[in-house]
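# Remarks on the overall topology
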Amino acid sequence: MNTTSHIVQGTWRRPTARQTDFNDLDHWVNLAKTLERGRFDAIFFADVVGLYAPYRGDERKYFEAGLQVPSNDPSVLASAIAYATEHLGIAFTASILQEHPFNFARRISTLDHASKGRIAWNIVTNYLPNASRNFGLDGLTAHDERYAWADEYVDVAYKLWEGSWDDDALVQDRERGIHADYDKVHRINHKGERYQVEGPHLVSPSPQRTPFLFQAGASEAGRNFAAKNAEAVFLGTPNREAALRDTSDIRRRAVAIGRRANDLKFFQGLYVVPTSTEAEAARVAAELDEWIDHDGHLAHMSGSIGIDFGHDDLDTPVGEIETEGVQSAVGWIRDLVKDRPATLRDVAHHTATSLRIVGTPEKIADELAAWQASGIDGINLMNYEIPGSYEEFVDHVNPTLRDRGLIQSEYSEGTLRQKIFGEGARLPERHHATRYRGAFGADAPERSIAERSIAEPSLHEPSLTGAQI
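Residues numbered from 1 in each chain as written. Predicted model: local features only at pLDDT ≥ 70, side-chain atom pairs only at ≥ 80, totals over all residues. Heavy atoms only, no water.

Next up on the list: the overall build of the protein chain. Counting its secondary structure elements, the protein chain contains 15 helices and 12 strands. Relative to the 2.2 N^0.38 estimate, which gives 23 Å for 469 residues, the radius of gyration of the protein chain is 23 Å and therefore close to what a compact globule would have. By its C-alpha atoms, the protein chain is 75 × 50 × 45 Å across when sized along the principal axes. By the burial criterion, 54% of the 469 residues in the protein chain qualify as buried. Partitioning the intrachain contacts of the protein chain with sequence separation of at least 6 by distance along the chain shows that 75% fall at a separation of at least 24. Summing over all exposed atoms, the protein chain offers an accessible surface of approximately 20900 Å²; the carbon and sulfur share of this is 48%. (Helix = DSSP H or I, 4+ residues; strand = E, 2+ residues; numbered from the N terminus. Rg over C-alpha atoms; globule rule 2.2 N^0.38 Å. Buried < 20%, exposed > 50% of the residue type's maximum accessible area, 1.4 Å probe, protein only. Contact = heavy atoms within 4.5 Å. Areas by Shrake-Rupley, 256 points an atom, 1.4 Å probe, with all protein chains shown as cover.)

Listed below in structure tokens is the structure:
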């Protein structure tokens, strides 16, 4: 995230950490070069467009902890990273709340051209009331209505990306003096509940047309949205059993609407701390724990779910907190702490460390292989320190993963979509967006877009060979 403190709170204070350099473009360009050296598929930036819900009654903690504020627009970094790298994908979060789809589609296409087809979009709605108010709404839109909004938003973008320009519309014929064939560029004339967009798209088709699509919704509506739209899904499941359950569920939903189970890749959020020996692992983990801002982790959880945990001391036993909402949100911790009453500090510590793997490269490789066997295609490698977390991974973990065939040793050619799936540069015909191809020209089928069919369901099982990390 283009901020100081993202997921692991407090570790930015370590003497070797450089998260506070987030305003410096070189900070991110150098990180991207490190990732490309390590043959990562992509650099991914999360984002928010508002403050989290109050903690202890206000937002002071977020500012004092650097917890996702200040926070800069990650998409602005994309062109610089594209220029400094050759193969690395560049993914960033953008909410349907923050920009009109016509302008967003134009910006994405421009970046996809500039990067030669390496742009990815993490599609999100919004769960922060402050963000809604920042964009003129009275408060947070109802959950399922946010996904209905997202359905229309992506449809507008798909129409512009997939249907507005024919592939051969940009002729650039110097002899005839014809730059683009007017008859092959089409208005989309979208009229929906939230948007009216005439078109045409102002950018000619980019290498991918539609960017590579990420999504991270875990709710019922979010899973359906992912099954319909996503090519890759970010997960933060607490264990491998949950990962197998969630990946299987979303893949089944995708198959039910005509896609293939292996049309989606799943990336589990994890962070790793390599050590020379297993004996050293406990010492390194304990040293890292000393830097964790437990209060910051509780604030992050509070702000995310809208329940203010900050009015109780961190060492308050969970069972003594009488608020029903708190009990439902953190009651699970009592099953993990067996020898004493679980406290709010335990809750914070678990959120800080539950997705952490500390150990030798061999142990880390064993763990990642086990996640792969549970339906995960790759990892969304989080950090406790920048650039250290990634330099350690590239220099110490990569060789073991490469020896086991768990990470690519060289990049393949083509767009990000081609690199990830090994198929075409653009969305396969099975994807919902492709129904807009050829839909707006004079020769478009007479039947409505809604009546156009997509490919018949396929029951292919997902391929889990070759983790993409």
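When the UniProt feature table is mapped onto this chain numbering, "binding site: FMN" (unreviewed entry) sits at D47, T93, H143, Y147 and S219. With respect to the helices and strands, H143 occurs in helix α6 (residues 143–163). With residues up to four places along the chain from it excluded, the contact list for H143 reads S219 and A221. With respect to the helices, strands and loops of the structure, Y147 is situated in helix α6. Not counting the four nearest positions on each side in its chain, Y147 is found in contact with T125, Q215, G217, S219, A221, G222 and F225. (UniProt positions renumbered as here; feature names shortened; annotations may be inferred.)

On the secondary structure map, K419 appears in helix α15 (residues 416–421). No salt bridge is formed by the buried K419; its nearest oppositely charged neighbour, E413, is found at 5.5 Å. A distance of 2.9 Å separates the side chain of K419 from the side chain of H87, its partner in a polar contact. (Lys, Arg positive; Asp, Glu negative; His and termini not counted. Salt bridge = Lys/Arg side-chain N within 4 Å of Asp/Glu carboxyl O. Polar contact = N/O pair within 3.5 Å; in protein donor to acceptor, adjacent residues only side chain to side chain.)

A few words now on the domain arrangement of the protein chain. Each assigned domain of the protein chain is listed with its residue range as follows: domain 1 (11–272 + 359–435) and domain 2 (280–353). Averaged C-alpha coordinates put domain 1 and domain 2 at centres separated by 30 Å. Taken together, the contact pairs 20 residues of domain 1 with 21 residues of domain 2. Of the roughly 1600 Å² buried between domain 1 and domain 2, counting both surfaces, carbon and sulfur atoms make up 56%. Put simply, R14 and E287 hold a salt bridge, and the shortest N to O gap is 3.0 Å. The interface formed by domain 1 and domain 2 contains 14 residue pairs in polar contact (both at pLDDT 80 or more). Top contributing element to the side of domain 1 that touches domain 2 by residue count: helix α2 (residues 60–65), with three residues. Partitioned by chemical class, the residues of the side of domain 1 that touches domain 2 number 12 nonpolar, four polar and four charged. (Domains from an automatic or database assignment. Buried area = accessible area lost by both parts, 1.4 Å probe. Nonpolar A, V, L, I, M, F, W, Y, C, P; charged D, E, K, R; others polar.)

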